[in-house]
Amino acid sequence: MTDVITLPAALDEQSFESVIEQLAPLADDAKLLVDARHCRFATPYGLTALLCLAQTRLEKPDFAPPEDDQVSSYWARSNFFRYAEELYTMRGATPRPRASGDSDVLLEVTPVARSEDVHGIVSRIQEKATQILTTKLDLEPRATMGFAMTLSEACSNIIEHAQRGGWVMVQRYNWGKRRVGRDVVQIAVCDAGIGFRASLETSRARALADRWDDAIALESGVIQGVSRLQDPGRGQGLKGIRGYVHRFDGKLTVRSGRARIAPIIPEWDEDVPRQDSLPVFAGTQLQVIIPKRLARP
Amino acid sequence: MTHISVHSALQASLDAPYSDLVTRRTGAAVRTVIEHQLSGLADGSVAFLDFSRIGVLDRSCADEFVAKLMLPLSNDHPSRDGYVVFHGVNELHLEIIESVLLAHGLALVVQFPDGAARLVGAVTDVERRLWELVMRQGWCPAERLAAEAGITPDEAQGQLEGLARRRLIRRDADAFAPLGAAA
């Protein structure tokens, strides 16, 4: 028997929770069909998390790609199918990626497994994104280096702690009609590795904690800068990410296991700082949103 | 004085020609290359580490490279008798370098293109004041600096010896001198 996981029409960080909810009651070895036929929109978080979903399954799942040609074409240009075809059995044809001059994809879906991958990602994002970040988001050239640094730290965390490769993607959006009312860039860095709780199991924070769960592990790692290693220089990467996101009025969310935290919630958005008892999903999923810089009054 | 290109050390550490100092693994590899170069220098020499062709520097890499390079040089029993000055760092590099130095209680000297030098990292106000006086006056005994710093000669002597032990100035007989200055 095959269980069907139906993707929402708009697949983003929030709506991916409906996917995890559908997965929750199913055994790890259950045969799945992930049905994207009616999906019309997906963010970097949605696409990278879909690859993580397949990585968590003991049996290779099936995948029904979007029926809409434009959506399918975008997913192909984003390199999603390139990796999805390795992790899923495709039910239906997928288009080959064609160059379109689409400058909004700043970094296609890219695997993160080795130190060299991070070098490639940082190099490509500087090559492709600097002009967009300075012209569309009004960031100073210095801020684009901080952007690349944020990306490298987030990807390095996968290599250092996840014990399994992950994925990264970066995309620009015009959110003129949304509450923020301006262009934004979204970074998603997702893995299906061991997650914060297991990674920090041997940490001092764990030894001192009366209670230990995914939310406490997330807060220890992301907010307090706790690392599994005692070295005082550890935990600097996430501190740097938080500093950058805060400085540029951005938003940061991190999900791991059964918890999700939003350590930086800007005024232009609403969210809850911490959610416990969510349906479990392996690894760590991080999203950063950086909006266009507002002109100083 | 010896010039060491961090970019060349990076190239020697990677298979591909990247210019960014990112990831701990890269930081450790670059540190190994530079430690090897430093080990070949004469005792008491000053090595200028040139960051001028480096793009992005992230904290993880800086911790692995900068902090772990400086730790054995600036403890009570240094791994070698030499000095390191950073050169060619941009504003963002400086911010990252300072954050990792602070995390380890370290400090180092950074020289800017105009020749001006700055003490970066974990130093007290008194240490900074004395260091700046040494930079301004060149070779100088502690008692002469004490009055200008507003502290006792004994205190000045102790603070300056601490700075010299941390390889931020040079001890020269009964006086103290900036790094790079003629001994």
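Residues numbered from 1 in each chain as written. Chains lettered and ligands numbered in written order. Predicted model: local features only at pLDDT ≥ 70, side-chain atom pairs only at ≥ 80, totals over all residues. Heavy atoms only, no water.

(A) Region of the structure containing the overall build of chain B. Helix and strand counts for chain B stand at seven helices and eight strands. The C-alpha extent of chain B, read off along each of the three principal axes, is 55 × 30 × 30 Å. For chain B, the residues scored as buried account for 54% of the 183 residues in total. Across chain B, the fraction of contacts at a sequence separation of at least 24, relative to all contacts at a separation of at least 6, is 63%. (Helix = DSSP H or I, 4+ residues; strand = E, 2+ residues; numbered from the N terminus. Buried < 20%, exposed > 50% of the residue type's maximum accessible area, 1.4 Å probe, protein only. Contact = heavy atoms within 4.5 Å.)

(B) Region of the structure containing the packing of helix α6 (residues 141-162) of chain A against helix α10 (residues 236-247) of chain A. All names here are of chain A. One can describe the packing of α6 onto α10 by two numbers: an axis separation of 9 Å at closest approach and a directional angle of 145°. In the packing of α6 onto α10, the handedness of the crossing is left-handed. Each of Arg142, Ala143, Gly146, Phe147, Met149, Thr150, Glu153, Ala154 and Asn157 in α6 lies in contact with α10, whose residues at this interface are Gly237, Leu238, Gly240, Ile241, Tyr244 and Arg247. Here the residues of the contact of α6 with α10 are counted per class, giving seven nonpolar, five polar and three charged. (Axes fitted to C-alpha atoms, helices over the stretch in contact; angles between N-to-C directions. Left-handed = near helix turned anticlockwise from the far one by under 90°. Nonpolar A, V, L, I, M, F, W, Y, C, P; charged D, E, K, R; others polar.)

(C) View of the side chain of Thr110(A). Residue and element names in this part refer to chain A. Along the polypeptide, Thr110 turns up in strand β7 (residues 105-112). Exposure remark for Thr110: the relative accessible area of 7% places this residue in the buried category. Separated by 2.6 Å, the side chain of Thr110 and the backbone oxygen of Glu108 make a polar contact. At 3.4 Å, the side chain of Thr110 forms a polar contact with the side chain of Arg124. Excluding its chain neighbours within four sequence positions, the residues that come into contact with Thr110 are Ile121, Arg124, Gly166, Trp167 and Val168. (Polar contact = N/O pair within 3.5 Å; in protein donor to acceptor, adjacent residues only side chain to side chain.)

(D) Here's a closer look at the interface of chain B and chain A. Opposite the 28 residues of chain B that make contact, chain A presents 26 residues. Summed over both partners, the interface of chain B with chain A buries about 2,200 Å², with 54% contributed by carbon and sulfur atoms. Among the residues chain B hides against chain A, the three largest losses belong to Arg24(B), Arg59(B) and Leu92(B). Together they make up 26% of the total. Between chain B and chain A we count two salt bridges in total. Linking chain B with chain A are nine residue pairs in polar contact (both at pLDDT 80 or more). Those elements that provide at least two residues to the side of chain B that touches chain A are α2 (24-39), α3 (59-70) and α4 (91-104) of chain B. Ranked by residues supplied to the side of chain B that touches chain A, first place goes to α4(B) with nine residues. In the side of chain B that touches chain A, the residues fall into 10 nonpolar, eight polar and 10 charged. (Buried area = accessible area lost by both parts, 1.4 Å probe. Salt bridge = Lys/Arg side-chain N within 4 Å of Asp/Glu carboxyl O.)

Function cannot be read off these values alone, since they describe shape.
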